[in-house]
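Each chain is listed here by its residues.
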Amino acid sequence: MQKCLSCSEIEDPKMCKNETTCAKDEICYLHKYTTHTKQQLFDVGCKHSSLCTQGYSNILGRRSSDGVHQECESCCSGAVFCNHDLQCNHVPRQNVSERCTSDHQCKQSLSCEQNICKCVVNKFWNGSLCEPKKTFHSTCSSSDECLDTLYCNHGYCKCDASVDYWNGSSCLTGKLYNESCSNSVKCQGTFRCINNKCSCLSSEYLEGSQCLTRKLFNESCSNSVKCQGTFRCINNKCSCLSSEYLEGSQCLTKKLECEDVEGSHDGVYTIYPGGGDMAVTVYCIMRQAKKWTVIQRRVNGSVDFYRTWHEYKKGFGSVYGEYWLGNDNINIISTNGFHELSIYMEQSNLHRMANYSNFIVDNERNKYRLTVTGYSGDAGDSMNPVDDREKSNGQPFTTKDRDNDDNSNNCAVSHRSAWWYANCFGSELNRPYSGSAGTMYWVTWRSDISKSIVMIRRKS
């Protein structure tokens, strides 16, 4: 057993004459301390070897018995009464990140790990001591202050939002595309939890590991997936198919004629005859689930119908009043499927209808030749009267500057009009008004018709 000197509150260790035998695992020690009256005194005796600080002071150490401050401590073992000659010199404790060999050499709250004074796990050094690391969304000045899976972002401890989410105790790696999820917070980066799967919004597309906003009309693209809504990637541009047209921010199927429009009321609509790029406004009449495309309308003589070949080719007037749709358009529409013709005529309070189950206008190369057969109605068949000289069926179109009729003179010039003449006519609905009185002619009814509507429809 170790034998040591054992005295308290002596001015010089060498003054101690009292001897003691230490218990097992105890060694001799010497304490140097200062009293509240600034007197320097010593204690000598036995203590457990693990409690010896070997010269390092405890900056908060205060003897609970009398309120004195310990300055330093030295220990020894082996020689009898070895604490008789011990020297005690103050050695300051090491600061954070300084080298050490034991915890006693580090400042209070620091631990000696791998020979370096450090704060223990989940604590950080605040400049004077170690304190617990901060949790999610706590204020911070550096990432060292945050729990290990958090980092300091704009003054708050947060997860890396691009890849992680907070589960209540730590940051976990966010779910990848198409992995199961319960909410969008658990999805990585720009993914959203849709139907319990990490995915992209319908307005986005997947590019690598992120969701990007789909491209707008005419923006560059490499495939149709990257285009917004109904757009398709055509020639590396988000666009509409040739069978579609752009309406606001979407592609809609082109309406070839009134039969294709979605409306159910009479009025002006936009069509694309033959599915071409040229939009044409037209008046549509909706009757008993049938949708008619008006190709001619006359109501008061406000529009001059004594026009040239080119004008009749392109069309003229206003779809809100009197107009001719244009022979090119009539040709394209009437040859796209099988069509029927309906003609409404009015004089004063009287009106008649002439309907034909088959209607075709040929192309310009064939002089817009008319085929119209299959009459029904109450006006009589003036397109195919008994006298072949008055027939319109089978005749080419004639205008004041393009004479295609069978008459020695130009019927269009003679009657200041344009029509499908033979020699000259049994029907003529483009004749000029006489003042406010109509002079349109239908040989099987009358010659003073004041209003007319000529309309066609694609048959099922």
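Everything quoted here is computed from the prediction, not taken from an experiment.

Participant: Mind laying out empty space enclosed by the protein, listing which residues take part and the relevant values?
Facilitator: Scanning the entire structure with this criterion turns up one cavity of 30 Å³ or more. The volume enclosed by the largest cavity comes to roughly 60 Å³. For the largest cavity, the full set of lining residues is Ile295, Gln296, Trp324, Leu341, Ile343, Phe359, Leu370, Met383, Trp419, Trp420 and Val454. Going through the elements one at a time, strand E25 (290-298) and strand E28 (339-347) are the ones with two or more residues in the lining of the largest cavity. Considering only residue class, the lining of the largest cavity consists of 10 nonpolar, one polar and no charged.

Participant: I'd like a rundown of the pattern of salt bridges, residues and numbers included.
Facilitator: Throughout the structure, instances matching the rule amount to 18 salt bridges. Here Asp388 and Lys391 are joined by a salt bridge, their closest N and O atoms 3.7 Å apart.

Participant: Lay out the layout of surface pockets in plain terms, naming residues and giving numbers.
Facilitator: Approximately 320 Å³ is the volume found for the largest pocket. In terms of lining residues, the largest pocket is bounded by 18 residues, among which Met278, Val280, Lys314, Leu325 and Asn329 are the most central. When residues of the lining of the largest pocket are traced back to their parent elements, those giving at least two are strand E24 (280-287), helix H1 (309-314), strand E26 (316-317), strand E27 (323-324) and helix H2 (327-334). No other element matches H2, which puts three residues into the lining of the largest pocket.

Participant: Please set out the nonpolar core residue by residue, giving values where relevant.
Facilitator: The biggest cluster of nonpolar side chains holds 55 residues, and the ones touching the most others in it are Ile343, Met345, Phe359 and Trp442. In this structure, Phe359 is in contact with Ile295, Ile330, Ser334, His339, Glu340, Leu341, Leu370, Thr371, Val372 and Ile456, ignoring residues within four places of it in sequence. Among the nonpolar cores identified, the runner-up in size contains 15 residues, and Leu5, Cys28, Cys76 and Cys82 belong to it.

Participant: Residue-level account of the state of the cysteines, with values.
Facilitator: Per the counting criterion, the structure on display carries 18 disulfides. Cys227 shares a disulfide with Cys238; S-S distance 2.1 Å. Classification of the bridge connecting Cys227 and Cys238 rests on its S-S torsion, roughly -85°, and on that basis the disulfide is left-handed. Placement of Cys227 in the loop between strand E18 (210-213) and strand E19 (232-234) and of Cys238 in strand E20 (residues 237-239) is noted, with a sequence separation of 11 residues between them. With respect to class, Cys227 is no different from Cys238; both count as buried.

Participant: How would you explain unusual backbone geometry if you had to name every residue and give the values?
Facilitator: Working note: non-glycine residues mostly have negative phi, and peptide bonds are mostly trans. A cis geometry characterises the amide bond from Asn423 onward to Cys424, with omega recorded as -10°. Here Cys424 is to be found in the loop between helix H3 (411-414) and strand E31 (427-428). A positive phi is found at Asn195, a non-glycine position, where the angle reads about 55°. When its relative accessible area of 72% is taken as the criterion, Asn195 is described as exposed. For Tyr368, which is not glycine, the phi dihedral falls at a positive 55°.

Participant: Break down the sheet that holds E31 for me, citing the residues and quoting the values.
Facilitator: Spatially, E31-E32-E33 is the arrangement adopted by the three strands of the open sheet, whose pairing is antiparallel. For this open sheet the edge positions go to E31 and strand E33 (446-449), each flanked by a neighbour on one side alone. Pairing of strand E32 (residues 440-442) with E33, which is carried by two bridges, proceeds in the antiparallel orientation. When the sheet's bridge partners are listed, Met440 is paired in E33 with Ile449.

Participant: Requested: an account of the side chain of Gln2, with residues and values cited.
Facilitator: Looking at the element boundaries, Gln2 is found in the segment before strand E1 (3-5). Here Gln2 is in contact with Thr20, Thr21, Cys22, Glu26, Ile27, Cys28, Ser77, Gly78, Ala79, Val80, Phe81 and Cys82, once residues within four sequence places are set aside.

Participant: Could you give an account of the pairing of strand E21 (residues 244-247), with specific residues and numbers?
Facilitator: As paired strands, E21 and strand E22 (residues 250-253) are joined by four bridges and run antiparallel to one another. Looking across to E22, one finds that Leu246 is bridged to Cys251. Here E21 folds back onto E22 in antiparallel fashion, the turn holding two residues, of which Gly248 has a positive phi close to 65°.

Cut-offs applied
- Residues numbered from 1 in each chain as written.
- Predicted model: local features only at pLDDT ≥ 70, side-chain atom pairs only at ≥ 80, totals over all residues.
- Heavy atoms only, no water.
- 1 Å grid on protein atoms, 1.4 Å probe; cavity = no way out; pocket = protein on both sides within 12 Å on 5 of 7 lines; lining within 4 Å.
- Points joined across faces, edges and corners; volume = space filled by probe spheres on them.
- Helix = DSSP H or I, 4+ residues; strand = E, 2+ residues; numbered from the N terminus.
- Nonpolar A, V, L, I, M, F, W, Y, C, P; charged D, E, K, R; others polar.
- Salt bridge = Lys/Arg side-chain N within 4 Å of Asp/Glu carboxyl O.
- Core = buried A, V, L, I, M, F, W, Y, C linked by side-chain atoms within 4.5 Å.
- Buried < 20%, exposed > 50% of the residue type's maximum accessible area, 1.4 Å probe, protein only.
- Contact = heavy atoms within 4.5 Å.
- Disulfide = S-S within 2.5 Å.
- Pairing = 2+ DSSP bridges.

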